[in-house]
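An overview of the molecular structure
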Amino acid sequence: MCSLSGFTPFEKSTEISLGKWWPAFKSIIPSFVERSVGSKLLLERIDENFHAQNGPAKVVLVGMGGAGKTTAAKWYASMNEAKYTHIFWIDCEGEQTIKTSFNRLGDKLGLHKSDSYFAFEEFVADVYEKLSDLRCLFLFDNAIRYSDQENEAGLRTFLPKAANHHALITSKKHTWG
């Protein structure tokens, strides 16, 4: 079992002992699903969308702040935990928070990080390479943009490329490509 500042790990025996990483300040609200049949249908639709895609799959939950996107993502991960070897939470409120999340993950994998942007893209590729044989769910929370705009990297740069990796993304932005 690993320990990571700001995260609470859930133990699961694998070759890479990383567990499930959840931010300590994010908690599941059970009533979200218990109160609404629509919420259960949303979780089923997320699962259907993952399985309908060939290769690396992504599902984006878009809506206003406070609509329950993060809660739905966390609940999906909790309800489908047995399907994945590892589940990772990646904060995406800005490029620096994405880097911090991947640096923490890379540290646990024994990879050396870099501060330069292009080297960081290679670092993220190394993280995914290290996890390529494992079935993983990556939760990208509060993503700002998907693709490059005005020479700034979008989330697309950091999404997994392995067929056995799923990306569940939450965002307030309605422009995803």
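Scroll up for the structure.
Heads up: these notes are all about the structure in this document. Note that the structure is predicted; figures quoted are calculated from it, not measured. (Residues numbered from 1 in each chain as written. Predicted model: local features only at pLDDT ≥ 70, side-chain atom pairs only at ≥ 80, totals over all residues. Heavy atoms only, no water.)

As a further point, take the packing of aromatic side chains. Within this structure, the stated rule accounts for 8 aromatic pairs. Summarising the aromatic geometry, the rings of F102 and Y128 are spaced 5.8 Å apart at their centres and angled 80° between planes, so their arrangement reads as edge-to-face. Here F102 is found in helix α4 (residues 95-109), whereas its partner Y128 is found in helix α5 (residues 117-130), with 26 residues between them in sequence. For the pair formed by F102 and Y128, the shared burial category is buried. Each residue in the set F88, F102, F120, F123, Y128, F138, F140 and F158 is aromatic and connected to the rest through ring pairs, giving one cluster. When the ring centre of F120 is taken as reference, the NZ or CZ atom of K99 above it lies at 5.4 Å. (Phe/Tyr/Trp six-rings, centres within 6.5 Å; stacked < 30°, edge-to-face > 60°. Helix = DSSP H or I, 4+ residues; strand = E, 2+ residues; numbered from the N terminus. Buried < 20%, exposed > 50% of the residue type's maximum accessible area, 1.4 Å probe, protein only. Lys NZ or Arg CZ within 6 Å of the ring centre and 35° of its normal.)

On the surface, E122, D126, E129 and D133 cluster together to form a negatively charged patch. Positionally, D133 belongs in the loop between α5 and β5 (136-143). When its relative accessible area of 73% is taken as the criterion, D133 is described as exposed. (Patch = residues over 30% accessible without salt bridge, like charges linked within 9 Å, V, L, I, M, F, W, Y side chains within 5 Å. Areas by Shrake-Rupley, 256 points an atom, 1.4 Å probe, with all protein chains shown as cover. Salt bridge = Lys/Arg side-chain N within 4 Å of Asp/Glu carboxyl O. Lys, Arg positive; Asp, Glu negative; His and termini not counted. Charge placed at Lys NZ, Arg CZ, Asp CG, Glu CD.)

Another point: the pairing of β5. Among the 8 residues in β5, 8 count as buried, and that is most of the element. In this structure, strand β4 (residues 86-91) lies alongside β5, joined through 6 bridges in parallel fashion. Bridge assignment links D91 to a residue of β5, and that residue is D141. Here β5 pairs with strand β6 (residues 165-171) via 6 bridges, running parallel. For A143, the partnering residue across the bridge sits in β6 and is S171. (Pairing = 2+ DSSP bridges.)

Shape descriptors only; they carry no functional weight alone.
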